[in-house]
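Structural overview
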Amino acid sequence: MDEHCANHSSQFTPAFQNPYPLAGPYGNCLTLQTMFLPENTTVLIVGAGPAGLAAALSLTYHECRDFVIVDATAEGQNVSRAYSINSATVEALASIDAADGLLSQAIKAKSIRIASRGSEIFEAKFDPLKKYSAHPYPLVTPQNVTELVLGQKLQSLGVQVQRPHRVVGIKQNEKDARIADVSFEDGQVIRARYIIGADGARSLIRTIAGIGFSDPEGPNLVGHVLSQMVAADVTFEPEPTGPLTLEGHLNGTVSSDSFFMLIPFGNRFNAELTRNGKSTTKSVFRVSCAIPVKNGEPPHAPPKEYIQDMINAYGPACITSDSSLNRTPVMIDQLVWSTRFRTHSAIADRTFTRLGAAIFLVGDAAHVHSPAGGQGMNLAIRDAIFLAEAVTKHIRATAEDPGVDDTILQEIAEARHARALETIGFTKKLLKLASLGFDFVQLKVAWGMSGLGRR
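Bear in mind that the values here come from a model prediction, so they are computed numbers and not experimental data.

Whether parallel or antiparallel, the strands of a sheet pair through hydrogen bonds between backbone atoms. Spatially, three strands are ordered S3-S7-S4 in an open sheet, and the strand pairing comes out antiparallel. Both edges of this open sheet fall to strand S3 (84–85) and strand S4 (107–108), since each of them pairs with a single strand only. Where S3 and strand S7 (residues 139–140) come together, two bridges link them in antiparallel fashion. Across the sheet, Ile-85 pairs through a bridge with Leu-139, a residue of S7.

Here it is in structure tokens:
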């Protein structure tokens, strides 16, 4: 164990001494009741989605234990949203001993199939990735299950997310120029040396820090095929059959004005997916679809009838209720969850700054982009893991030399910013690549989705 990292709060300066006794091996954030926050912490993580949880796991793995993780919501993610964890992200999680839970519960995808309603265009198998990775597959798992598993891992290490605590202000500490006073809606204040903003696309940390957020290529074009989308988790009656309904494959259906994805979850995630609704033993399917602008704006939480019409218009024949397309028509039985969203690309002007404390942005707080290729949550998790490692290096360097500069922090921030720009470019090109039909396209798509070239 590195003694500087394990006991850094007292070594930086006596004024930053933690007033709370360390009842457990992981620092003050473990023993406090959720109502009360400590007065001091070395690292404050704001946001307990996949990025925030990954940052906390990485800090713990690298033996930095004086941190607090807070979230503005009273409980964790209860809806499905993202559904895959790619090879590079599994590698990153494995590097901090945080992958086993997901590997044991998730579906290991074998391929992505792209087809029209009439015929298959191509199938990109993930097998070729074996020569590049010990995890040559995406893990198919709903985001709320991912958060649950990562949260359980964090709890097993003694770390508790503090809820609900909403940040409302950050200012430089009057006595120490390298500390920030972070104020919360309930009037509490934490003094922190490092702040990791993992608080989503509408990040308050980004806003308070005065960091801009825009598309690197300028305003998005209105009417882009993926400019508005609908996603839902559904069951069918009778249950559909055929190759596209089997676990382990990501199925895309293309048409002239839309793109439809079908992801079979089977029934292994049912307990978590239906936690706030009616339970089911049937197989659950994720359906998502680009809604043409000419069709108007989708409703906020599209009802069963809207999702059924969407499937009939754009989905693969095997899950439609249209007897002219499907010899054994199926209807949506249960609508487990649905949402609409508009897609765009944006990136923070910078992902590192100072307001006394060193402030970082990770995940959607730092960048958002089209869901094509399933890169959003993946990049967020890797951002957090690599950033937290760099923070621990800076903590150790500061313990040895209090005057150390921010080179370590600036370098990781610039590297992750570059990765985000690459990912935005990839997501914008993915659908165009999928339509080329050249022999190399299968490996190109599998390689691109794996994230292995953009660790």
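After that view of the structure, there is still more to cover.
What follows deals with the pairing of strand S15 (residues 284–290). Within S15, seven of the seven residues are buried, which leaves it mostly tucked inside the rest of the structure. A two-sided burial pattern is seen for S15, the buried positions comprising Val-284, Arg-286, Ser-288 and Ala-290 on one face and Phe-285, Val-287 and Cys-289 on the other. Direction of pairing for strand S12 (residues 228–237) relative to S15: antiparallel, over a ladder of six bridges. Bridged to Val-234 within S15 is Phe-285. Taken together, the six bridges between strand S14 (residues 258–266) and S15 define a ladder with antiparallel strand orientation. Pairing of Phe-260 across the sheet is with Cys-289, part of S15.

What follows is about unusual backbone geometry. A cis amide bond links Arg-163 with the next residue in sequence, Pro-164, at an omega value of -25 degrees. For Pro-164, the position within the fold is in the loop between helix H6 (143–156) and strand S8 (167–172). In the Ramachandran plot, Glu-63 falls in the positive-phi region, its phi being about 65 degrees despite a non-glycine side chain. If you trace the backbone, Glu-63 turns up in the loop between helix H3 (50–61) and strand S2 (67–70). Phi at Asp-97 takes a positive value of approximately 60 degrees, unusual for a residue other than glycine.

Analysis parameters
- Residues numbered from 1 in each chain as written.
- Predicted model: local features only at pLDDT ≥ 70, side-chain atom pairs only at ≥ 80, totals over all residues.
- Heavy atoms only, no water.
- Pairing = 2+ DSSP bridges.
- Helix = DSSP H or I, 4+ residues; strand = E, 2+ residues; numbered from the N terminus.
- Buried < 20%, exposed > 50% of the residue type's maximum accessible area, 1.4 Å probe, protein only.

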